[in-house]
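Here is what each chain is made of, one letter per residue.
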Amino acid sequence: MADELPLLHTHVEGLDRALGGGIPKGSTILVAGTPGTMKTSLVLWMMRENARETGAKSLYVSLEQSADGLRSGAARMGMGELKESQVYILDLAQLRRGMERSETSKDWVAILLEIIKEAVNSTGYQLLAVDSLEALYALTEMQNPRREMFHFLTALKEFDLTTFAIAETSFGENRLAKWGEDFLADGILQLRQVEVGETDVQLRLRCVKMRWMNHDHNALALNHDGERFFVTHVISKKK
Ligand SMILES: Nc1ncnc2c1ncn2[C@@H]1O[C@H](COP(=O)(O)OP(=O)(O)OP(=O)(O)O)[C@@H](O)[C@H]1O
Ligand SMILES: [Mg+2]
């Protein structure tokens, strides 16, 4: 099965092999992690590297950080200047901040889906990110969050793009997502910081699930050397 699937390369050295070749194109991946675990940087990296490899265009919907903030973060992670023609950042954070209280009654899930649909139809993106699901919850008063998130993720899947839904998990929280998004996603990449000894902290990445792939379930150390991402076995230490 995996042989026939078109796969997206992560361009994180060592990770594609651990995933069994890459991420099946068109799948919806939950990137779940505690604060500051490079969720944003990792997704921007995959988008930028895929643009370089195949010319694939990406749409990054930011509900949290401004486009400028994302671009300068990317530059600090060795990505240089992100080109709009490669990774288009749709900055909805501004909109969210300026929103009146009364506007929480608006159906932001529907509005967001409409915005994404128009962008996808007019530009032909192949990759999509929504950063983050928590910011979307904060934007809107959902009557039935489980049902609305089901609707949101099902609608995203219909775009047929490789989609990264970023989910923030709290420290000490066992659940990867609040409203069953982990069951709906085709794949889950979990990021967390783990204390190693008394002083060191190591960033770990674990593929919790990846439908259709025979992937490694073990945690790997996710490293960044200022220029690129790479994974190593946890026991073999950081650099
Ligand atoms: N070479 C590096 N190795 C490890 N961590 C780094 C490196 N360079 C930057 N960082 C850290 O990565 C974090 C930024 O990553 P990013 O913003 O992508 O994380 P995030 O999980 O999206 O964060 P947030 O929870 O705020 O959305 C910062 O805390 C920064 O200090
Ligand atoms: Mg982030």
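Our structure's up above, just so we're on the same page.
Residues numbered from 1 in each chain as written. Chains lettered and ligands numbered in written order. Predicted model: local features only at pLDDT ≥ 70, side-chain atom pairs only at ≥ 80, totals over all residues.

Caption draft 1: Quick peek at the overall build of the protein chain. Helix and strand counts for the protein chain stand at 8 helices and 11 strands. Taken along the three principal axes of its C-alpha coordinates, the protein chain extends 55 × 40 × 35 Å. Residues classed as buried in the protein chain amount to 38% of the 239 residues present. Within the protein chain, contacts between residues at least 6 apart in sequence are counted, and of these 71% link residues at least 24 apart. (Helix = DSSP H or I, 4+ residues; strand = E, 2+ residues; numbered from the N terminus. Buried ≥ 20, exposed ≤ 12 C-beta atoms within 10 Å, placed from the backbone. Contact = placed C-beta atoms within 7 Å.)

Caption draft 2: A look at the nonpolar core. If you look at the biggest cluster of nonpolar residues, it comprises 65 residues, and the most contacted ones within it are L30, V31, V43, L44, A165, I166 and L222. With 6 residues, helix α2 (residues 39–54) is the largest single contributor of residues to this core. When sequence neighbours within four positions are dropped, the list of residues in contact with L30 reads A165, A167, L176, A177, E181, D182, A185 and I188. (Core = buried A, V, L, I, M, F, W, Y, C linked by C-beta atoms within 7 Å.)

Caption draft 3: Expanded view of the pairing of strand β8 (residues 187–196). Bridging between strand β3 (residues 28–33) and β8 involves 5 bridges; their strand directions are parallel. Directly across from V31, in β8, lies its bridge partner L189. Counted along the chain from β8 to the antiparallel partner strand β9 (residues 200–210), the turn is 3 residues long, and its residue G197 has a positive phi close to 70°. (Pairing = 2+ DSSP bridges.)

Caption draft 4: Representation of the sheet that holds strand β10 (residues 219–224) in the model. If you walk across this open sheet you meet the 9 strands as β5-β4-β6-β7-β3-β8-β9-β10-β11, and the pairing is mixed. Each edge of the open sheet carries a strand with a single partner, namely β5 (87–91) and β11 (229–233). Within the sheet, the average angular offset between the axes of one strand and its neighbour, ignoring direction, is 25°. Here β9 pairs with β10 via 3 bridges, running antiparallel. From the neighbouring strand, R204 faces β10, where its bridge partner is A221. (Axes fitted to C-alpha atoms, helices over the stretch in contact; angles between N-to-C directions.)

Caption draft 5: Looking closely at the site of ligand 1. Around ligand 1, 13 residues are found, and the nearest of them are P35, G36, K39, T40 and S41. Those elements giving two or more residues to the shell around ligand 1 turn out to be α2 and α3 (67–79). Broken down by element, the residue count for the shell around ligand 1 peaks at 3 residues, all from α2. Among the residues making up the shell around ligand 1, the classes are represented as 3 nonpolar, 8 polar and 2 charged. (Near = placed C-beta within 6 Å. Nonpolar A, V, L, I, M, F, W, Y, C, P; charged D, E, K, R; others polar.)

Caption draft 6: The arrangement of the environment of A138 in detail. For A138, the position within the fold is in helix α6 (residues 133–139). We classify A138 as partly exposed; it has 14 C-beta atoms within 10 Å. Residues A138 and L82, spaced 56 residues apart in sequence, show a C-alpha to C-alpha distance of 28 Å.

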